[in-house]
Amino acid sequence: GNLHVVDAAIKFENVAASLAGGAILLDGVYDSKNIQSPFTELNTSLTNFDIKKSFEYFPFMSKFSNLGKVVNGVFDGKFEMNSTLDEGMQPQYNSMNMNADLRISDAIIANLDVLTKIGEMLKIDPLKNVKLKDGSLRFNISNGVLTMLDSVKLNLGKGATMKLSGSSNVNTSIDYGGRMSIPRE
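Here the structure is a predicted model, which means the values were calculated and not measured.

Each value, and the rule that gives it
- Residues numbered from 1 in each chain as written.
- Predicted model: local features only at pLDDT ≥ 70, side-chain atom pairs only at ≥ 80, totals over all residues.
- Heavy atoms only, no water.
- Pairing = 2+ DSSP bridges.
- Helix = DSSP H or I, 4+ residues; strand = E, 2+ residues; numbered from the N terminus.
- Buried < 20%, exposed > 50% of the residue type's maximum accessible area, 1.4 Å probe, protein only.
- Arc of directions from axis to C-beta.
- Contact = heavy atoms within 4.5 Å.
- Polar contact = N/O pair within 3.5 Å; in protein donor to acceptor, adjacent residues only side chain to side chain.
- Core = buried A, V, L, I, M, F, W, Y, C linked by side-chain atoms within 4.5 Å.
- 1 Å grid on protein atoms, 1.4 Å probe; cavity = no way out; pocket = protein on both sides within 12 Å on 5 of 7 lines; lining within 4 Å.
- Points joined across faces, edges and corners; volume = space filled by probe spheres on them.
- Nonpolar A, V, L, I, M, F, W, Y, C, P; charged D, E, K, R; others polar.

> So what about the pairing of strand S10 (residues 160–169)? Which residues, and what values?
With three bridges connecting them, strand S8 (residues 145–148) and S10 associate as antiparallel partners. In the strand pairing of S10, Val-145 is matched with Asn-169. Bridge count for strand S9 (residues 152–157) against S10 is five bridges, and the pairing is antiparallel. Each residue of the ladder has a partner; that of Lys-153, found in S10, is Lys-163. Linking S9 back to S10 in an antiparallel pair, the connection comprises two residues, with Lys-158 at a positive phi of about 55 degrees. Taken together, the eight bridges between S10 and strand S11 (residues 174–181) define a ladder with antiparallel strand orientation. By the bridge assignment for S11, Ser-165 is matched with Gly-177.

Structure below.
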């Protein structure tokens, strides 16, 4: 890719790298005019990214969700993000704005407590390991709140499905709801 340094800012153009088992391509700017609170704006494309590893490489993901501990698989996605940065070059979450569109080709949610407990109550064993195939997830982050833009539809096995929607706050409060369709048997 190309990097241009102009007036205390670095402009990224088609910067490509291998990371987290996949490929990353980014365009954007890092502006350090305000050295105490630099600003970044990035448009990022990810291909064949490992979900667990992405939680390691992108700490902001763990701030909004602990799914990195229970989801295995890969995804492709696009992120548009801008934020001021702290002294560790991490986003200041209350200033972060992001739009994301993820495509999950193949993944498994294993041993998520809430799904396991629902599965035990409803006698649906497949809830211990929910398979995600060709799914999508669109969300935005604004003022420290991650909001799902569409309901996520999960196939829970044995004809059961669940639609999930809601939001997570950087201060760890959550507000999610779901609707389950469960076969009578």
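> So what's going on with helix H3 (residues 113–122)? Residues and values would help.
Turning to H3, its buried residues number three or more, namely Leu-115, Thr-116 and Gly-119. With its buried residues spanning 100 degrees around the axis, H3 presents them on a single face. Opposite the buried face of H3, by more than 90 degrees, sit the exposed residues Asp-113, Lys-117 and Met-121. Structurally, H3 contributes buried residues whose contacts are with strand S6 (97–110), strand S7 (129–142) and S10.

> How would you summarise the side chain of Ser-54 if you had to cite specific residues and measurements?
Positionally, Ser-54 belongs in helix H1 (residues 51–57). Among the polar contacts made by the side chain of Ser-54, one reaches the main-chain carbonyl oxygen of Ile-51 at a distance of 2.6 Å. Apart from residues lying up to four places away in sequence, Ser-54 is in contact with Ala-20, Phe-49, Met-61 and Phe-75.

> With reference to specific residues and values, describe the pairing of S7.
When S6 meets S7, the two strands line up antiparallel, connected through 13 bridges. Within S7, the residue paired with Ala-110 across the bridge is Asn-129.

> Describe the nonpolar core, listing the residues and the values that go with them.
Core analysis: the biggest nonpolar cluster contains 41 residues, and Phe-60, Phe-75, Phe-79, Met-98, Ile-109, Phe-139 and Ile-141 have the highest contact counts within it. Here this core gets six residues from one element, more than from any other, and that element is S6. Excluding anything up to four places from it in sequence, Met-98 contacts Phe-60, Phe-79, Glu-80, Met-81, Phe-139, Asn-140 and Ile-141.

> Just give me the short version of unusual backbone geometry, but keep the residues and values in it.
Phi angles above zero are rare outside glycine, and Asp-7 is one such case at about 50 degrees. Relative to the helices and strands, Asp-7 is located in the loop between strand S1 (2–6) and strand S2 (9–19). Even without glycine at this site, Asn-48 takes up a positive phi of about 55 degrees. Looking at the element boundaries, Asn-48 is found in strand S4 (residues 39–50).

> Give a description of the layout of surface pockets that names residues and reports values.
Each pocket or cavity is described by its volume, and for the largest pocket that value is around 1200 Å³. Lining the largest pocket are 44 residues; nearest its centre among them are Ser-65, Leu-67, Met-148, Leu-164 and Tyr-176. Residues belonging to the lining of the largest pocket are distributed by class as follows: 27 nonpolar, 13 polar and four charged. Lining the second largest pocket are 20 residues; nearest its centre among them are Leu-26, Leu-42, Thr-44, Phe-58 and Met-81. Class assignment of the residues belonging to the lining of the second largest pocket gives a composition of 17 nonpolar, three polar and no charged.

Shape is all these values report; function is a separate question.
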